Amino acid sequence: MGSDSLPSTLTSTKPTPIPTNELDEEHDHDDSPSTAALLSFNTDSSSSSEPLSTSNNKPLFIVLILVTCISLSVASAFAYLFFSSRSPSSSSTTTASSATSPLPSVSHARPLTKLNRPKVILISSDGFRFGYQFKTPTPNIARLIANGTEAETGLIPVFPSLTFPNHYSIATGLYPAYHGIVNNHFLDPHSGDAFYMGAIDPKWWLGEPLWETVVKNGLNAATYFWPGTQVHKGPWNCPLNFCRHYNSSVPFEDRVDAVLSYFDLPSDEIPDFMTLYFEDPDHQGHKVGADDPQITEAVSRIDRMIGRLIFGLEQRGIFDDVTIIMVGDHGMVTTCDKKLIFLDDLAPWINVPDNWVISHTPLLAIMPPSGYSPSDVVAKMNQGLSSGKVENGRYLKVYLKEDLPSRLHYSASDRIPPIIGLLEEGFKVKQKRSKNKECGGSHGYDNEFFSMRSIFIGHGPQFARGRKIPSFENVQIYNLVTFILNIKGAPNNGSASFAKDVLLSAA
Ligand SMILES: [Zn+2]
């Protein structure tokens, strides 16, 4: 799933505050120009009368006062009529980006009209970098945005911004240090066993993913691909027909159609929670970087799949009843061969052989054998990197994992090797120099980089229409889903208040 893919403490989430009174703010904002317009009108009329008022002619002065009073009354009346008749439509102009959608006029969730329970489809478009939606017309995604709630500046991945750690953070609400999938590949420090992307042994997959939570609460889940879904956990046993085994060659259309077909089941058998996963545009992003026409085509194709889903739901008369949450796991940044750092160049300071390195790039993870002091290795590596003698050395900084910035939440697991390197955006680490020339795209970097952000769109009865919310970390999504389904979730790194702040209250 993605040729590469991407990590913290239970108490230290700092969700971005969500403004809950944005409608009021928007109206206030609307009012200010109108007030200004009235003021300028008054000013103009008084200034035009100014030269005349200097006259001593009393009858003329009285006439003038009368004229002024009459004009002010007429102006006020017109102003009243104008603004009162305009106010309903001014609401929709405040969401110009949502052209066809009315602003939420109520703060309550819209009632279900056909289904008897909330249904959530969680969609991931792998490597859908925030901003791709502006590359080409995406009418279907735009429709979800216009009639739903969007993270205005994108969804923030967890560190490392790789596929497996992030998909499983979305599913569990946990940072990778707590859900256990700390990288796309890593070692169990006790057994020495290696985790790989197809591993389904439950020992790797900690925490409680949404599909398990849903079943624990007596509801049904169906998964059409998502890292971790094939792992048997608690009451979730990846049931035949409701848990597709990963196969990247299944056409995207078939995946959408399968999800739609669930809605043709008897109402008590329709899954309450579904996942839908697309490998694109990650796949193209790795090959050609973030700015190639191939990305544009891949984004178009994802949009067509969203259109197919919307159409199928509309045919069944349930589009407005079903909750669609569309996300990506991380962004993408273009990389090229001038932005390379070679570990072998550090030899004058310390020899870091290939077999110490769990992953090279963009997440540099190093586990020196016993007998070597990790802090000594870190000190020598940083000495070399900052010496000015190592090509691009200043773009890599190496840390003992416990010294990483706490915002990365990437130390509280013994699966995380003791030494972690942080790269500047777009740089890569290689073991040794080679003649290979390569340009492409990558992700896995510090989740603070804007290029690592993906998208978040929520559409359905509990999402306000045309609403923009600030960016947030994807560990919040678990609580959003459990809130919508009205079920009890497991403890996680998301904030308890997030769902209430983002969702409309119960009808
Ligand atoms: Zn990915």
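The model shown is predicted, which means the values in this text are computed figures rather than measured ones. (Residues numbered from 1 in each chain as written. Predicted model: local features only at pLDDT ≥ 70, side-chain atom pairs only at ≥ 80, totals over all residues. Heavy atoms only, no water.)

Trainee: Account for the coordination of the zinc ion, with residues named and values stated.
Mentor: Taken together, Asp126 (OD), Thr163 (OG1), Asp329 (OD) and His330 (NE2) make up the full set of protein donors to the zinc ion, lying 1.9 to 2.2 Å away. Each of the 4 donor atoms around the zinc ion contributes to a set of angles spanning 97 to 132 degrees, which defines the coordination as tetrahedral. One chain supplies every donor to the zinc ion, and in sequence these donors are spaced D-x36-T-x165-D-H. Linking Thr163 in helix H4 (residues 163–172) with His330 in the loop between strand E8 (322–327) and strand E9 (333–335), this pair joins segments that are 167 residues apart in sequence. (Donors = N, O, S within 2.8 Å, 3.2 Å for Na, K, Ca; no water. Tetrahedral: all angles 85-135°; square planar, octahedral: opposite > 155°, others 65-115°. Helix = DSSP H or I, 4+ residues; strand = E, 2+ residues; numbered from the N terminus.)

Trainee: Quick rundown of the side chain of Gln462? Include the residues and the values.
Mentor: Among the secondary structure elements, Gln462 is positioned in the loop between strand E17 (456–459) and strand E18 (467–469). When near neighbours in sequence (up to four residues on either side) are disregarded, Gln462 contacts Ala109, Phe483, Ile484, Leu503 and Leu504. (Contact = heavy atoms within 4.5 Å.)

Trainee: Give a detailed account of the sheet that holds strand E14 (residues 419–423), specifying residues and quantitative values.
Mentor: Spatial ordering of the open sheet is given by E11-E12-E14-E13, a layout of 4 strands whose pairing is antiparallel. Among the strands making up the open sheet, the edge pair consists of strand E11 (357–359) and strand E13 (396–400). The mean inter-strand angle of the sheet, taken between neighbouring strand axes irrespective of direction, is 25 degrees. Set on the sheet, helix H10 (residues 374–385) makes contact with strand E12 (364–366), E13 and E14; between it and E13 the angle comes to about 165 degrees. (Pairing = 2+ DSSP bridges. Axes fitted to C-alpha atoms, helices over the stretch in contact; angles between N-to-C directions.)

Trainee: Tell me about the environment of Lys119, and name the residues and values.
Mentor: Within the fold, Lys119 resides in strand E1 (residues 119–125). Residue class for Lys119 comes out buried when judged on its relative accessible area of 1%. Each C-alpha atom of the pair Lys119 and Ile270 lies 8.5 Å from the other, and the pair is 151 residues apart in sequence. Ignoring sequence-local partners within four residues, the contact set of Lys119 consists of Phe263, Ser267, Ile270, Pro271, Asp272, Val322 and Thr323. At 3.2 Å, the side chain of Lys119 and the backbone oxygen of Ile270 are in polar contact. (Buried < 20%, exposed > 50% of the residue type's maximum accessible area, 1.4 Å probe, protein only. Polar contact = N/O pair within 3.5 Å; in protein donor to acceptor, adjacent residues only side chain to side chain.)

Trainee: Can you lay out the state of the cysteines for me, pointing to particular residues and giving the numbers?
Mentor: Going through the model one piece at a time under the given rule, you end up with 2 disulfides. Note on cysteine connectivity: Cys238 is disulfide-linked to Cys243, with sulfurs 1.9 Å apart. Taking the sign of the torsion about the S-S bond as the criterion, the disulfide between Cys238 and Cys243, at about -80 degrees, is left-handed. A single burial state applies to Cys238 and to Cys243, both of which are buried. Disulfide pairing is shown between Cys336 and Cys439; the S-S distance is 1.7 Å. Looking down the S-S bond of the Cys336 and Cys439 bridge, the torsion is 70 degrees, so its handedness is right-handed. (Disulfide = S-S within 2.5 Å.)

Trainee: Any details on the packing of helix H7 (residues 252–262) against helix H9 (residues 293–315)? Residues and values, ideally.
Mentor: Where H7 meets H9, the closest approach of the two axes is 10 Å, and the angle between their N-to-C directions is 25 degrees. By the angle between their axes, H7 is roughly parallel relative to H9. In this structure, H7 crosses over H9, and the sense of that crossing is right-handed. Of H9, the residues touching H7 (which contributes Phe252, Glu253, Val256, Asp257, Val259 and Leu260) are Arg301, Ile302, Met305, Arg308, Leu309, Gly312 and Leu313. (Parallel < 35°, antiparallel > 145°, perpendicular 65-115°, else oblique. Left-handed = near helix turned anticlockwise from the far one by under 90°.)

Trainee: Outline the nonpolar core, supporting the account with residue identities and numerical values.
Mentor: Counting residues in each nonpolar core, the largest one holds 56 residues, and the members touching the most others are Leu122, Phe273, Ile325, Val327, Tyr410, Phe456 and Ile477. Of all the secondary structure elements, the ones that give two or more residues to this core are E1, H4, helix H6 (210–216), E8, E14, helix H11 (477–485) and helix H12 (498–502). Mapping this core onto the domain boundaries places at least three of its residues in each of domain 1 (119–334 + 449–502) and domain 2 (337–438). Core analysis: the next-biggest nonpolar cluster, separate from the first, contains 42 residues, Ile121, Leu144, Phe263 and Ile457 among them. (Core = buried A, V, L, I, M, F, W, Y, C linked by side-chain atoms within 4.5 Å. Domains from an automatic or database assignment.)

Trainee: Please give an account of the sheet that holds strand E7 (residues 273–278) that cites residues and values.
Mentor: Taken in spatial order, the 7 strands make up an open sheet running E6-E7-E1-E8-E17-E2-E18, and their pairing is mixed. Edge positions in the sheet fall to strand E6 (221–224) and E18, since each has one partner strand and no second. Each neighbouring strand pair of the sheet contributes to a mean axis angle of 15 degrees, computed without reference to strand direction. Across 3 bridges, the pairing between strand E2 (residues 149–151) and E18 is parallel. Looking at the pairing, Thr149 lines up with Arg467 of E18.

Trainee: Report on the pairing of E14, specifying residues and quantitative values.
Mentor: Extensive coverage of E14 is indicated by the burial of 5 of its 5 residues. In the sheet, E12 pairs with E14 via 3 bridges, with the strands oriented antiparallel. Across the sheet, residue Leu364 finds its bridge partner in E14, namely Gly421. In the sheet, E13 pairs with E14 via 5 bridges, with the strands oriented antiparallel. Its bridge partner lying in E14, Lys397 is registered against Leu422.

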